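Overview (structure and organization)
Spelled out from the first residue to the last, the chains are:
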Amino acid sequence: MPTKTSRRAAVAATIPDTAPAAPRAKRDRTHYLYIAVIAAVVLGIAVGLIWPDAAVELKPLGTGFVNLIKMMISPIIFCTIVLGIGSVRKAAKVGAVGGIALGYFLVMSLVALAIGLVVGNVLHPGDGLHLTDALKQTGHAQVDSKALPPVDFVLSIIPNTFVSAFTQGEVLQTLLVALLAGFALQAMGSAGQPVLRGIEHIQRLVFRILSMVMWAAPIGAFGAIAAVTGSAGLDALKSLAVLMLGFYATCVLFVFVVLGTILRLVAGLNVFSLFKYLAREFLLILSTSSSESALPRLIAKMEHLGVSKPVVGITVPTGYSFNLDGTMIYMTMASLYIADALGTPMSVGEQIPLLLFLLLASKGAAGVSGAGLATLAGGLQSHKPALVDGVGLIVGIDRFMSEARALTNFAGNAVATVLVGTWTKEIDRDRVRRVLAGDLPFDETTLMDEGRPTATGVPEPQEDGDKALAKA
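Keep in mind the model is a prediction, meaning the values are calculated, not measured.

Turning our eyes to something else, we now look at the overall build of the protein chain. Helix and strand counts for the protein chain come out as 22 helices and 0 strands. Counting every position in the protein chain, which comprises 472 residues, the buried fraction comes to 50%. Considering only contacts in the protein chain between residues 6 or more positions apart, those separated by 24 or more positions represent 83%. When the accessible surface of the protein chain is totalled, it reaches about 22,000 Å², and 65% of it is carbon and sulfur.

Quick look at the structure:
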């Protein structure tokens, strides 16, 4: 005779199991993308060395990919800053973030100049070189008329119209418009919540488009690296190896010793852990020679790391114009290299005023394409015209040096964002620890944290795309 327990078990067996199955973890297929980028870089170098003339013709592939990324920068900066400021109750906090960031940028620019000054005076890489008339003409051709004096540079931050800040691709103009919009929504209070919700949805759309664009990275990397290798060749690398290696070594020294020490003392973080978290962005910059290609991803990853939206939205875009540590080191060593190559070495008393002038000139050329070489030539033209002749000596390897500039600038801005967040107490230390430990992986599909609270205070539930489409 069946017992009561066995009867219950028999009844339970006849009832279908309606409990929902555990959701399957999404497979991250983006690691294949970055493996393809590495393969594209190797292939691009090989093509550049074997068929240099054909490789130069591949440059539009790299330019096109970088332009696709630049297309996304203005809307991402606008959405990030507006949502960040709109969610802050006190406007004074935003001003404090901006003030601390600019003060830090100025100090680190001076530190970078000083390090470049010391290394340049120790190496003297320009000794024994000869300048031809062709190289003189090449140097003068690099003087960019777009570099603006300080007053005109400040006025250029104001866009002609509200919309032109987005259409002209000027980061600082977008920053100004976003700040005004953010403060306006902050003052509107609850009446501005519908606008903030709309901007949140636009931000999701923009980041999703960016994740789609990233799949073109291998093509862009192949074209960019092939063109650089084909145009420079081995001869240029051999003749200027001392300058290149010295510059790379100086950048490594600055990033891992100077920035690493500050990051450890202020935030208690290991610089290697932070850079491991940003490894894909460093690879993207290395393959495109452009730090701008990683700007949108840096914004997304710093927010995911645990730094607040206002700090990320203000520090990262401003740093891309004012925190150019790699460019500072480059201009210092290149100036000393050119002076030595022309047989007119400068004394320390001559070096310091020139470098301080270049520090100011670099801010006026923040939006100029290829700002490193153009700023150097323009600054020398204004402060010491006799040295412009020698700019042609480094044109051949400038693109290879631009990679170190871009990597150093990016590293400096990543560290700066963590530091400013720490100083303003706008960073979630527990989340930082969990993210760097790998417990909270970054979503490469959406580039956003769908489950975190938004600027309007309502967390968006994370939902599988197929289910959402079926509901629609």
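As a packed pair, helix α4 (residues 59-86) and helix α15 (residues 295-305) sit with axes 8 Å apart at the nearest point and diverge in direction by 35°. Taking contact as the criterion, the partners of I69, I73, I76, I77 and T80 in α4 are, on α15, L295, P296, I299 and E303. Looking at the contact of α4 with α15, its residues break down into 7 nonpolar, 1 polar and 1 charged.

In the numbering used here, UniProt assigns the feature "transmembrane region" (unreviewed entry) to residues 32-51, 71-88, 100-123, 171-193, 205-228 and 240-266. Summarising residues 32-51: 95% helix, 0% strand, and an end-to-end C-alpha distance of 28 Å.

This brings us to a nonpolar patch on the surface. On the surface, L106, L110, V348, I352 and L356 cluster together into a nonpolar patch covering about 420 Å² of accessible area. Contributing elements (two or more residues each) for the nonpolar patch: α5 (91-123) and α18 (348-364). Taking the relative accessible area as the measure of exposure, I352 reaches 40% and is therefore partly exposed.

All right, on to the environment of Q193 then. Secondary-structure assignment places Q193 in helix α10 (residues 193-213). For the pair formed by Q193 and G86, sequence separation is 107 residues and the distance between their alpha carbons is 8.7 Å.

Now for the packing of aromatic side chains. The way to describe two aromatic rings as a pair is by their centre distance and the angle between their planes. Counting across every chain of the model gives 8 aromatic pairs. With a centroid separation of 6.4 Å and an interplanar angle of 85°, the aromatic rings of F247 and Y248 are classed as edge-to-face. With 5.2 Å between their ring centres and 20° between their planes, F256 and F272 make a pair best called stacked. In this pair, F256 is assigned in helix α12 (residues 241-267) and F272 in helix α13 (residues 271-277), connecting sequence segments 16 residues apart. The exposure class of F256 is partly exposed, given its relative accessible area of 34%. In this structure an aromatic cluster arises from ring pairing among F256, F272, F275, F282 and F410. The ring of Y277 has K301 sitting right over it, with the charged end atom 4.8 Å from the ring centre. The ring of Y330 carries the charged tip of R405 above its face, separated from the ring centre by 4.2 Å.

Here the focus is the pattern of salt bridges. Taken as a whole and judged by the stated rule, the model has 4 salt bridges. Notably, a salt bridge pairs R297 with E281, separated by 2.5 Å at the nearest N-O pair. Residue R297 is found in helix α15, and its partner E281 is found in helix α14 (residues 279-288); the two are separated by 16 residues along the sequence. R297 sits in the buried class, given a relative accessible area of 1%. For R433, the salt bridge goes to D430, with nearest N and O atoms at 2.7 Å.

Averaged over the protein chain, the pLDDT score is 76; the fraction of residues at 70 or greater is 74%. Looking across the protein chain, the model is least confident in helix α22 (residues 465-471), with a mean pLDDT of 40, and most confident in α13, with 92. This stretch, residues 14-25, has a pLDDT under 50; its non-local contacts, to residues over four places away or in other chains, come to 0 contacts. For the stretch residues 365-369, pLDDT sits under 50, and the model shows 10 contacts to residues farther than four places along the chain or on other chains.

The next point concerns the environment of G189. Structurally, G189 can be placed in the loop between α9 (171-188) and α10. Given a relative accessible area of 32%, G189 falls into the partly exposed group. Considered as a pair, G189 and G86 are 103 residues apart in the sequence and their alpha carbons are 8.6 Å apart.

Another point: helix α17 (residues 325-341). For α17, spanning 17 residues, the distance from its first C-alpha to its last is 24 Å, which sits close to the expected 24 Å at 1.5 Å a residue. When you tally the buried positions in α17, you get 17 out of 17 residues, the bulk of the element. Downstream of α17 by a residue or two, G343 has a phi angle that is positive, lying close to 75°.

A few words now on helix α21 (residues 429-436). R431, V432 and V435 are the residues of α21 that are buried. Around the axis of α21, the buried residues are gathered within 105° of arc, so they sit on the same side. Looking at the packing, one finds that the buried side of α21 touches α13 and α15. Backbone nitrogen of D430 and a side-chain oxygen of the N-cap are separated by 3.3 Å at the start of α21; the cap is D428. Phi for G438, located one or two positions after α21, is positive at around 90°.

So, about the packing of α4 against helix α16 (residues 309-322). α16 packs onto α4 with a crossing angle of 140° between their chain directions and a minimal axis gap of 7 Å. On the basis of the axis angle, α4 is oblique to α16. Two packed elements cross with a definite hand, and for α4 against α16 that hand is left-handed. On α16, the residues touching I77, T80, I81, L83, G84 and I85 of α4 are K309, P310, G313 and P317. Residue composition of the contact of α4 with α16, by class: 6 nonpolar, 3 polar and 1 charged.

Cut-offs and rules
- Residues numbered from 1 in each chain as written.
- Predicted model: local features only at pLDDT ≥ 70, side-chain atom pairs only at ≥ 80, totals over all residues.
- Heavy atoms only, no water.
- Helix = DSSP H or I, 4+ residues; strand = E, 2+ residues; numbered from the N terminus.
- Buried < 20%, exposed > 50% of the residue type's maximum accessible area, 1.4 Å probe, protein only.
- Contact = heavy atoms within 4.5 Å.
- Areas by Shrake-Rupley, 256 points an atom, 1.4 Å probe, with all protein chains shown as cover.
- Axes fitted to C-alpha atoms, helices over the stretch in contact; angles between N-to-C directions.
- Nonpolar A, V, L, I, M, F, W, Y, C, P; charged D, E, K, R; others polar.
- UniProt positions renumbered as here; feature names shortened; annotations may be inferred.
- Patch = residues over 30% accessible without salt bridge, like charges linked within 9 Å, V, L, I, M, F, W, Y side chains within 5 Å.
- Salt bridge = Lys/Arg side-chain N within 4 Å of Asp/Glu carboxyl O.
- Phe/Tyr/Trp six-rings, centres within 6.5 Å; stacked < 30°, edge-to-face > 60°.
- Lys NZ or Arg CZ within 6 Å of the ring centre and 35° of its normal.
- pLDDT = per-residue confidence, 0-100.
- Expected span 1.5 Å × (residues − 1).
- Arc of directions from axis to C-beta.
- Polar contact = N/O pair within 3.5 Å; in protein donor to acceptor, adjacent residues only side chain to side chain.
- Parallel < 35°, antiparallel > 145°, perpendicular 65-115°, else oblique.
- Left-handed = near helix turned anticlockwise from the far one by under 90°.

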